[in-house]
Amino acid sequence: MTHSPQDDAGATHSAHIDCEATIRRLWDYLDGRLPEMARAEVEEHLATCAYCPPHFVFARTMQGALAASTPTAAESEEDRLRERVRAALRRLADDAR
Amino acid sequence: MCPVSHREGDSRFGVDTTSEFERLTMPFLTDVARFARSLTRDEVRADDLVQETYLQAMRGWHTFQPGSDPRRWLFTICHHMFLRTIRREARYVDAPEDDPELDSMATAKAHWHAMDAGVADVVDRMDLRDALGRALAELPPHYRTVVVLIDVEGYSYEDAAVVLDIALGTVRSRLFRARRLLQDMLFEYARDAHFRTVR
């Protein structure tokens, strides 16, 4: 099915989009940044396509793992850093007075 | 929140001002430290960056707008201090402003080839958290900062644009490119792991 921009302007229904159009929207879709109609078009395509869903699933998995990938410091290290910063701030304040 | 008059003049560093500064900013030290570690990928450099961030914040405390978000303000300063360091070390390269959706396409194509070659199966068995931590360390800083703010710290595109002082479109293009590069690195690690297994 083909559609023109005019169709989109006043459209109340989603249009069929192909794999390329769907994949171009991959990150915008996963980041929740697509308008409602564009989002519905992606979901409609994903529901019937054998090619696209694995890419979306993998991208989502990677995003989830990224959120947990940051190194965290042990509490004692953080306390030490907090004290170090406080001491530096005190020195700065003393020097300025 | 304290009125601006408390922070004026050279009572900038008065006891009350310092206490107020610490009261509003120290609760975010954990967040700033995590951001600094994500940017530098090095504990010593990260601690230095946190200290520099807080000192710079204290010096500029009179510019802080009462009622605004101290965390975002600290992240902005932290990013500036980080850029200053890497520019000094001449490792900063400006990102090209390509069509971000082409990166979405390339990401999916690379995944398709990886599935075809069996590499995606290896990735499924990898500790993705560790692998991505390693991949983040290898990303050029201007891509790493965007992906850390949005995918790790949970910032919106708009807030990331404020912190990094770049256009919204640049946030989007760098983010998509960063994710593509991260995925490419994951497949590279998987190919290496597969090679070691079958050798």
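Residues numbered from 1 in each chain as written. Chains lettered and ligands numbered in written order. Predicted model: local features only at pLDDT ≥ 70, side-chain atom pairs only at ≥ 80, totals over all residues.

### Comments concerning the overall build of chain A
Along the backbone of chain A there are six helices and zero strands. If you list the helices and strands of chain A from N to C, you get α-α-α-α-α-α. Sorting the 97 residues of chain A into buried and exposed places 23% on the buried side. Of all intrachain contacts in chain A linking residues separated by at least 6 positions in sequence, the fraction that spans at least 24 positions is 55%. (Helix = DSSP H or I, 4+ residues; strand = E, 2+ residues; numbered from the N terminus. Buried ≥ 20, exposed ≤ 12 C-beta atoms within 10 Å, placed from the backbone. Contact = placed C-beta atoms within 7 Å.)

### Looking at the overall build of chain B
Each helix and strand counted, chain B has 10 helices and zero strands in total. When its helices and strands are written in sequence order, chain B yields α-α-α-α-α-α-α-α-α-α. Looking at chain B as a whole, 38% of its 199 residues qualify as buried. In chain B, 72% of the contacts between residues at least 6 apart in sequence involve partners at least 24 apart.

### A closer look at the domain arrangement of chain B
Residue and element names in this part refer to chain B. Segmentation of chain B into domains returns domain 1 (4–88) and domain 2 (100–198). Residue-level contacts link nine residues of domain 1 with 12 residues of domain 2. At the level of elements, α2 (29–40) and α4 (70–88) are the ones that each hand at least two residues to the side of domain 1 that touches domain 2. Looking at the side of domain 1 that touches domain 2, the element that brings in the most residues is α4, giving five residues. Here the side of domain 1 that touches domain 2 is built from residues that sort into four nonpolar, three polar and two charged. (Domains from an automatic or database assignment. Nonpolar A, V, L, I, M, F, W, Y, C, P; charged D, E, K, R; others polar.)

### Quick notes on the confidence of the model for chain B
Residues and elements named next belong to chain B. Put simply, chain B has an average pLDDT of 83, and 84% of its residues get 70 or more. In the model of chain B, helix α6 (residues 119–125) stands out as the element of lowest mean pLDDT, 79, in contrast to helix α9 (residues 157–164), which has the highest, 94. A low-confidence stretch, residues 1–10 (pLDDT under 50), is modelled with 15 contacts involving residues beyond four sequence positions or located in other chains. For this predicted complex, the interface score ipTM comes out at 0.73, while the overall pTM is 0.73. (pLDDT = per-residue confidence, 0-100.)

### What to know about the interface of chain B and chain A
Contacts between the two partners involve 35 residues from chain B, matched on the other side by 30 residues from chain A. When contributions to the side of chain B that touches chain A are tallied by element, the ones reaching two or more residues are α2, α3 (43–59), α5 (100–116), α7 (128–138), α8 (141–152) and α10 (168–198) of chain B. Considering each element in turn, the side of chain B that touches chain A owes the most residues, seven residues, to α5(B). Taken together, the residues of the side of chain B that touches chain A sort by class into 17 nonpolar, nine polar and nine charged.

### Quick look at unusual backbone geometry
Across the chain, the bulk of peptide bonds are trans and the bulk of non-glycine residues have phi less than zero. The backbone of R41(B) shows a phi angle near 55 degrees, a positive value even though the residue is not glycine. For R41(B), the location among the structural elements is in the loop between α2 and α3.

### Focus: the nonpolar core
The biggest cluster of nonpolar side chains holds 62 residues, and the ones touching the most others in it are V32(B), A36(B), V50(B), C78(B), V146(B) and A160(B). Broken down by element, this core gets its largest block of residues, eight residues, from α10(B). Split by domain, the residues of this core number at least three in each of domain 1 (4–88) and domain 2 (100–198) of chain B. Aside from chain neighbours lying at most four places away, what touches V50(B) is L81(A), V85(A), V32(B), A33(B) and A36(B). (Core = buried A, V, L, I, M, F, W, Y, C linked by C-beta atoms within 7 Å.)

### A closer look at the environment of L168(B)
Residue and element names in this part refer to chain B. Mapped onto the elements of the fold, L168 is located in helix α10. Since 13 C-beta atoms lie within 10 Å of it, L168 is described here as partly exposed. Expressed as a C-alpha distance, the spacing of L168 and E22, which sit 146 residues apart in the sequence, is 32 Å.

### What about the packing of α2(B) against α8(B)?
Residues and elements named next belong to chain B. Contact geometry for α2 and α8: axes closest at 9 Å, N-to-C directions at 145 degrees. Here α2 and α8 pass one another in a crossing that is right-handed. Facing α2, whose interface residues are F35, S38 and L39, α8 presents P141, R144, T145, V148 and V152. Here the contact of α2 with α8 is composed, by residue class, of five nonpolar, two polar and one charged. (Axes fitted to C-alpha atoms, helices over the stretch in contact; angles between N-to-C directions. Left-handed = near helix turned anticlockwise from the far one by under 90°.)

### Comments concerning α9(B)
Because each turn of an α-helix spans 3.6 residues, side chains separated by three or four positions end up pointing in the same direction. Among the residues of α9(B), A160(B), V163(B) and L164(B) are the ones counted as buried. Angularly, the buried residues of α9(B) cover 85 degrees about the axis, an arc narrow enough to put them on a single face. (Arc of directions from axis to C-beta.)

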